[in-house]
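Single-letter residue listing:
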Amino acid sequence: MTENTSEAKLHALDYWQVIRNRYGVILLAFFLVFMTAGVITYILPPQYLGKVVLEVHQHAEAAEGMGSRRPLMNDYQFIQTQFEIITSKETLMDVIKGET
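Residues numbered from 1 in each chain as written. Predicted model: local features only at pLDDT ≥ 70, side-chain atom pairs only at ≥ 80, totals over all residues. Heavy atoms only, no water.

Before we go on, may I ask you to explain the overall build of the protein chain in this structure?
Tallying secondary structure elements over the protein chain gives four helices and two strands in all. Going from N to C terminus, the protein chain has its helices and strands arranged as α-α-β-β-α-α. When burial is assessed residue by residue, the protein chain has 2% of its 100 residues classed as buried. (Helix = DSSP H or I, 4+ residues; strand = E, 2+ residues; numbered from the N terminus. Buried < 20%, exposed > 50% of the residue type's maximum accessible area, 1.4 Å probe, protein only.)

Quick look at the structure:
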C-alpha cells in the first residue's frame, strides 16, 4: 500500500516538474490561443440571433348564413393574411427600429 502511495506522489511530482520546466512554453501557447481568438472575433462581422414564438388566433367573428355559423375565412386564408401583415415593410421597419 505504501508503494502505491509513493508511486502516485512520484507521478504528481513528475507532472509538477514538467510544468515548471515548460512554464514559458505553456504561457506562450496560452497567450497565442487567447490573442488568435481575440483577433478572429474582432475581424468577423457581428452576428445577431433572435428567436420568437408567435401565436396567431383568428377572431371569433362568424357570418350567419342559413342558420349556421361559418368562419369569415378559412384557416389557410387567415394564416396567409397574417403572414403578409408580419412580413410587410412597415412591420419590418418597426422591428429594425426596435419599436413595438
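I would appreciate a short explanation of a nonpolar patch on the surface in the present structure.
Side chains of Tyr23, Leu27, Phe30, Phe31, Phe34 and Met35 sit close together on the surface and give an oily, nonpolar patch of about 680 Å² of accessible area. Topologically, Phe30 is positioned in helix α2 (residues 23-43). (Patch = residues over 30% accessible without salt bridge, like charges linked within 9 Å, V, L, I, M, F, W, Y side chains within 5 Å. Areas by Shrake-Rupley, 256 points an atom, 1.4 Å probe, with all protein chains shown as cover. Salt bridge = Lys/Arg side-chain N within 4 Å of Asp/Glu carboxyl O.)

Is there a simple way to explain the packing of aromatic side chains in this structure?
Each aromatic ring pair is characterised by the separation of its centres together with the angle its planes make. Counting across every chain of the model gives two aromatic pairs. Their ring planes at 65 degrees and their centres at 5.5 Å tell us that Phe30 and Phe31 sit as a pair that is edge-to-face. Judged by its relative accessible area of 51%, Phe30 falls in the exposed class. Its relative accessible area of 44% is what places Phe31 among the partly exposed residues. Each ring, one from Phe30 and one from Phe34, has its centre 6.2 Å from the other, and the planes form 15 degrees; the classification is stacked. On the criterion of helical spacing, the pair formed by Phe30 and Phe34 is a turn pair, its members being four residues apart in helix α2. Residues Phe30 and Phe34 agree in their burial class; the two are exposed. (Phe/Tyr/Trp six-rings, centres within 6.5 Å; stacked < 30°, edge-to-face > 60°.)

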